[in-house]
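Single-letter residue listing:
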Amino acid sequence: MEDDVEKTLPIYAHRDEIVRLTKEHQVVVVVGETGSGKTTVVPRFLLEEYFFSRRGSIVVTEPRRIAAVSVATYVAEQLGCELGGLVGYRIRHENRTDVDATKIAYMTEGVILRELLKDPLLRRYDVLILDEVHERNLFQDLLMALVKKLLPKRPDLTVVIMSATINEEKFAKYFDAPVVHVKGRTFPVEIEYVPGGEDDHVAAAVDAVKSALPRTPGDVLVFMPDYASIRDAMERLQNETCGVDILPLYGNQSPEEQMAVFARTNRSVILSTNVAETSVTLDGVTCVIDTGLIKEMRFFPKTSTSSLKVVDHSKAGCNQRAGRAGRTAPGLCIRLYSERGFERRRDFTQPEILRSNLDSAFLQLRAMGFTERQIRELDFMDCPNGALWANAKETLTLLGALDSNGDITEEGTTMAEIPLPPVVSKMVLSAQRYKCVKPVVTVAASFSTRPIFLRPMGQEEEADTAHGVFRNSDSDFLTLRNAVERWRAAADRKNFAERHFLHQVALEEIEKAEQQIMAILKDCGIECASYDGDSESIKKAVTCGLIANLLTNAGEHGDGRTYKKQRCDGIFIFPGSVVFEKNPPPKFIVASEIVETNRTYARQVQIVPARWLEEIFGLETHKHRKPTKKRFRRDHQHHNGRGNRRGRHC
Ligand code: CDP
Ligand code: MG
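The rules behind each value
Residues numbered from 1 in each chain as written. Chains lettered and ligands numbered in written order. Predicted model: local features only at pLDDT ≥ 70, side-chain atom pairs only at ≥ 80, totals over all residues. Heavy atoms only, no water. Helix = DSSP H or I, 4+ residues; strand = E, 2+ residues; numbered from the N terminus. Rg over C-alpha atoms; globule rule 2.2 N^0.38 Å. Buried < 20%, exposed > 50% of the residue type's maximum accessible area, 1.4 Å probe, protein only. Contact = heavy atoms within 4.5 Å. Areas by Shrake-Rupley, 256 points an atom, 1.4 Å probe, with all protein chains shown as cover. Lys, Arg positive; Asp, Glu negative; His and termini not counted. Charge placed at Lys NZ, Arg CZ, Asp CG, Glu CD. Pairing = 2+ DSSP bridges. Axes fitted to C-alpha atoms, helices over the stretch in contact; angles between N-to-C directions. Parallel < 35°, antiparallel > 145°, perpendicular 65-115°, else oblique. Left-handed = near helix turned anticlockwise from the far one by under 90°. Nonpolar A, V, L, I, M, F, W, Y, C, P; charged D, E, K, R; others polar. Near = heavy atom within 4 Å. Polar contact = N/O pair within 3.5 Å; in protein donor to acceptor, adjacent residues only side chain to side chain. Phe/Tyr/Trp six-rings, centres within 6.5 Å; stacked < 30°, edge-to-face > 60°. Lys NZ or Arg CZ within 6 Å of the ring centre and 35° of its normal.

(A) The overall build of the chain, seen in detail. Helix and strand counts for the chain stand at 26 helices and 21 strands. For 650 residues, the compact-globule estimate of 2.2 N^0.38 gives 26 Å, and the C-alpha radius of gyration of the chain, at 26 Å, lies within 12% of that figure. C-alpha atoms of the chain, sized along the principal axes, occupy 75 × 60 × 55 Å. Within the chain, the proportion of its 650 residues that are buried is 56%. Taking all contacts inside the chain whose residues are at least 6 apart in sequence as the whole, residues at least 24 apart take part in 72%. When the accessible surface of the chain is split by element, carbon and sulfur atoms take 49% of a total near 28,300 Å². Of the charged side chains in the chain, 89 are positive and 90 negative; the average position of the first set lies 6 Å away from that of the second.

(B) Structural view of the sheet that holds strand β11 (residues 245–249). Reading across the sheet, the six strands line up as β9-β16-β13-β10-β12-β11 and stay open at both edges, with parallel pairing between neighbours. Pairing within the sheet leaves two strands with one partner each, and these edge strands are β9 (189–193) and β11. Across the sheet, the axes of successive neighbouring strands diverge by a mean angle of 20°, strand direction being ignored. The pairing of β11 with strand β12 (residues 268–272) spans five bridges and is classified as parallel. Note that in β12 the partner of Ile-246 across the bridge is Val-269.

(C) Highlighting the environment of Leu-83. Mapped onto the elements, Leu-83 comes out in the loop between α4 (65–78) and β3 (87–91). Through-space distance from the C-alpha of Leu-83 to that of Thr-97 is 8.1 Å; in sequence the pair is 14 residues apart.

(D) Representation of the packing of helix α21 (residues 476–489) against helix α24 (residues 535–545). Viewed as axis vectors pointing N to C, α21 and α24 meet at an angle of 125°, and their least axial separation amounts to 10 Å. The orientation of α21 relative to α24 falls into the category oblique. Crossing of α21 over α24 shows right-handed handedness. When α21 is examined against α24, the residues Phe-477, Leu-478 and Arg-481 are found in contact with a partner set consisting of Ser-535, Ile-538, Lys-539 and Val-542.

(E) How the structure looks around the packing of helix α6 (residues 138–150) against helix α7 (residues 168–175). Their axes nearest at 11 Å, the elements α6 and α7 cross at an angle of 30°. Considering the angle they form, α6 stands roughly parallel to α7. Contacts between α6 and α7 involve Met-144, Ala-145 and Lys-148 on the former and, on the latter, Phe-171, Tyr-174 and Phe-175. Of the residues assigned to the contact of α6 with α7, the class counts are five nonpolar, no polar and one charged.

(F) Local environment of the site of ligand 1. Around ligand 1, the neighbouring residues are Leu-9, Glu-33, Thr-34, Gly-35, Ser-36, Gly-37, Lys-38, Thr-39, Thr-40, Ser-70, Tyr-74 and Thr-281. Between ligand 1 and the protein, one listed contact pairs an oxygen atom with a backbone N or O atom of Ser-36 at 3.1 Å. Between Thr-40 and ligand 1, the recorded distance is 2.6 Å, taken from a side-chain N or O atom to an oxygen atom. Taking 530 Å² as the accessible area of ligand 1 by itself, protein coverage stands at 75%. Elements that contribute at least two residues to the shell around ligand 1 include exactly α3 (38–50) and α4. The dominant element in the shell around ligand 1, judged by the number of residues it contributes, is α3, at three residues. The residue inventory of the shell around ligand 1, partitioned by class, reads two nonpolar, eight polar and two charged.

(G) Spotlight on the packing of aromatic side chains. Under the definition given, this model contains 11 aromatic pairs. Ring centres of Phe-380 and Trp-389 lie 6.1 Å apart, and the angle between their planes is 35°; on these two criteria the pair is classed as tilted. Both residues of the pair, Phe-380 and Trp-389, count as buried. An angle of 40° between the planes, with centres 6.5 Å apart, marks the rings of Phe-453 and Phe-470 as tilted. Of this pair, Phe-453 sits in the loop between α19 (437–446) and α20 (460–468) while Phe-470 sits in the loop between α20 and α21, and the two are 17 residues apart along the sequence. Taking relative accessible area as the criterion, Phe-453 reaches 29% and is therefore assigned partly exposed. Site record: aromatic cluster; members linked through ring pairs are Tyr-193, Tyr-337 and Phe-342. The cationic tip of Lys-587 hangs over the ring face of Phe-588; the distance from NZ or CZ to the ring centre is 5.3 Å. Over the ring of Phe-572 we find Arg-599; its NZ or CZ atom is 3.8 Å from the centre of that ring.

(H) Spatial organisation of the side chain of Arg-324. Residue position: Arg-324 is located in the loop between α12 (315–323) and β16 (331–335). Using a relative accessible area of 3% as the deciding quantity, one classes Arg-324 as buried. A distance of 3.0 Å separates the side chain of Arg-324 from the side chain of Glu-33, its partner in a polar contact. One polar contact links the side chain of Arg-324 to the main-chain carbonyl oxygen of Glu-277, over a distance of 3.2 Å.

Everything listed here is a matter of coordinates, which is why it stays silent on function.
Written out as structure tokens, the structure is:
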């Protein structure tokens, strides 16, 4: 049962206010600092209040799986009940709730979006709490627009929007809702500007750590843009900080790896990406060092490419980071940029919906019965550019999810039901046709997990040699599959992974994801008998999924090594690919993604023989008849069975 320490959480002072407002308004916004008790306590307030008066249940959405699982576990413990009983969670491929017993269910946003497909009015729930909405990820913006549309149809539904203290006016205005301000236990934080980090942020951060440790009593939290910077800084800090632990914290870690940070006992320097900004509580930090940088993904609809770049973080984000230093005592924040540089930054981070690939979103909405026009007219908090929707439509048409009239096909309906990105579900559905579901599921699983091939600094050549045994010179996907299979068959898997420079945890994640995908396919009634298929079938199925990223060698127009596709040229094969050194370079390739870093790279590549394009897609590949997109699309649609107009209605 709950203890007294818990009752000191700032949220308790607002219990009556929150409960009263949920009775007076359909939507209520609750803002407060991380750790004030929003996520773990607000659902309990509402449960206590509504348990006897309603039969339904409370759902709380979280952006990350780890948050949904760990918070549900914590709350179940606090209430003295078993996880999966009164309190449970649902994340992609995993359901620890009980239809009758569960009253508080923590879920990732993707899960509830999928539920909207089956139950457009969310009749099963009485209270919907959208948590961590300051993040403004794509799913949250979609959910908010759908919930806003749903409110008049479900006057009995109570919605609570919870956020860190960022941009609360925008949420209040959007939902026309009152705001509850939870006052956190915050202490003043002194800000120091130490410009110089602009040139080499890792060196600047390392120097700042060394100078900060004697000046601050507690732990030091360093905000880095990405894992590469964290690893670099860790190496440089080794042997420089006597008696202080150096701990990494980033989104891709397994729960066990992240536990090291939460369970720390020694004085520590924590090197973290943005995950420590608002989503996790780190008590005991008295100094924050902020590089002011964040890694941002941006999708360009015109060329259908992405960029993953380190950019300046927003003012609101930097201030939030500084606040992490004043949780337990007055703190210090060292900013590795100038005050003028700070003033020049944008106020808020741009919402993901304005810079994302909208394939999945478009398909989901079409499967829910929205017409294209209704989608474009949805009342989003920030409306995506029409080019993003147009790109999504084009890709989904190439994948055969939409027909030439823009209507959802039977295959598209199935793709919407499978909780995987459309290109991945297309791959798996094609594998069924080519009778190679099992190996393609391994490839599909790798799309949602970390890279398995390790190349530690200073051991690159050794690692490349070790990876050589898995090599399939035509396909990075078959190479990956070979590695997974060899590891799976090894008597001592851990040892095998170590010897071959493979990421043991990532491989375990792939195995788990494979099982989950298999279970989903079974649920969707998709035949997945244990066909292994030959390598040609596997490659064909992969090609079907990646057809929107079909690249043609630019020939003498490039330097013989560059590739192009519709509206985009100057694409290089990523040097880590098995196809990179192929001589002569293949004419056609497909890639999992095309990403701009310092150059535009096709990542994870596979060679496509010209005859397959004719065979699978009816594409003409002769020199004198270049494949035009129009003809391509027409033929492809034909292949995918045009004319099915089955859709669902909301
Ligand atoms: O959502 P918000 O950031 O406002 O706070 P919360 O996640 O509800 O956490 C409130 C408090 O519960 C934290 O300060 C932690 O002390 C505790 N907590 C915990 O110990 N373990 C968790 N998994 C979650 C919360
Ligand atoms: Mg929270």
